[in-house]
Amino acid sequence: MPGYLTTHVLDTARGCPAAGLRIELFRLDGADRETMAEMRTNADGRTDAPILPEDAFAPGSYELVFHAGDYLRGLGLAADFLDVIPLRFTMAEADHYHVPLLLSPYGYSTYRGS
């Protein structure tokens, strides 16, 4: 099975996908961060393509950075608590990794999805 990474963001405060939220992906190597991708979520809260496609996949440590504050401020919602949300995780083998974000102005959660 080929390896790749997908993500999506759900706005749990409003009960809908978080459209237009900027996401960055970095590959980590010790203290070094290599930019791999930058995308925005579509109307379904997903990126239009895998944020890390099969041809760029390599096992290792990664960081997804969700720019939640910009998204919340753009909706006129409170962004006085959450701003930038970094999620660090490891992809150990070639597989489909799905890392979603459930977002509200005062909290978030994530999990390894399918």
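First, a word on scope: everything that follows refers to the structure included in this document. These numbers were taken from a predicted model, which means no experiment stands behind them.

Remarks on the overall build of the protein
The number of helices and strands found in the protein is 1 helix and 10 strands. Here the protein has a C-alpha radius of gyration of 14 Å; the compact-globule value for 114 residues is 13 Å, and the two agree. Its C-alpha atoms give the protein principal-axis dimensions of about 40 × 30 × 20 Å. The buried share among the 114 residues of the protein stands at 40%. Summed over all atoms, the accessible surface of the protein reaches about 5,900 Å², with 50% contributed by carbon and sulfur.

Observations regarding the pairing of strand β7 (residues 84-91)
Side chains of β7 alternate between two faces, with I85, L87, F89 and M91 buried and V84, P86, R88 and T90 left unburied. Examined bridge by bridge, strand β6 (residues 60-67) and β7 share 8 bridges and lie antiparallel to one another. Its bridge partner being in β7, L64 is matched across the sheet by L87.

Let's talk about the packing of aromatic side chains
Tallied over the full model, the rule gives 3 aromatic pairs. The side chain of R33 reaches across the aromatic face of F26, ending 3.8 Å from its centre.

Focus on the sheet that holds strand β10 (residues 107-110)
The mixed open sheet is built from 4 strands, whose spatial order is β3-β2-β9-β10. Here the strands that pair on one side only, and so sit at the sheet edges, are β3 (16-17) and β10. Relative to β10, strand β9 (residues 101-104) is paired through 4 bridges, and the arrangement is antiparallel. Bridge pairing links L102 to S109 in β10.

Points about the pattern of salt bridges
Tallying each qualifying case throughout the model produces 9 salt bridges. As a salt-bridge pair, R22 and E24 come within 3.8 Å of each other at their nearest N and O atoms. What makes E24 buried here is its relative accessible area of 15%. The structure contains a network of salt bridges with shared partners spanning R22, E24 and E38.

Definitions and cut-offs
Residues numbered from 1 in each chain as written. Predicted model: local features only at pLDDT ≥ 70, side-chain atom pairs only at ≥ 80, totals over all residues. Heavy atoms only, no water. Helix = DSSP H or I, 4+ residues; strand = E, 2+ residues; numbered from the N terminus. Rg over C-alpha atoms; globule rule 2.2 N^0.38 Å. Buried < 20%, exposed > 50% of the residue type's maximum accessible area, 1.4 Å probe, protein only. Areas by Shrake-Rupley, 256 points an atom, 1.4 Å probe, with all protein chains shown as cover. Pairing = 2+ DSSP bridges. Phe/Tyr/Trp six-rings, centres within 6.5 Å; stacked < 30°, edge-to-face > 60°. Lys NZ or Arg CZ within 6 Å of the ring centre and 35° of its normal. Salt bridge = Lys/Arg side-chain N within 4 Å of Asp/Glu carboxyl O.

In short, geometric facts, not functional conclusions.
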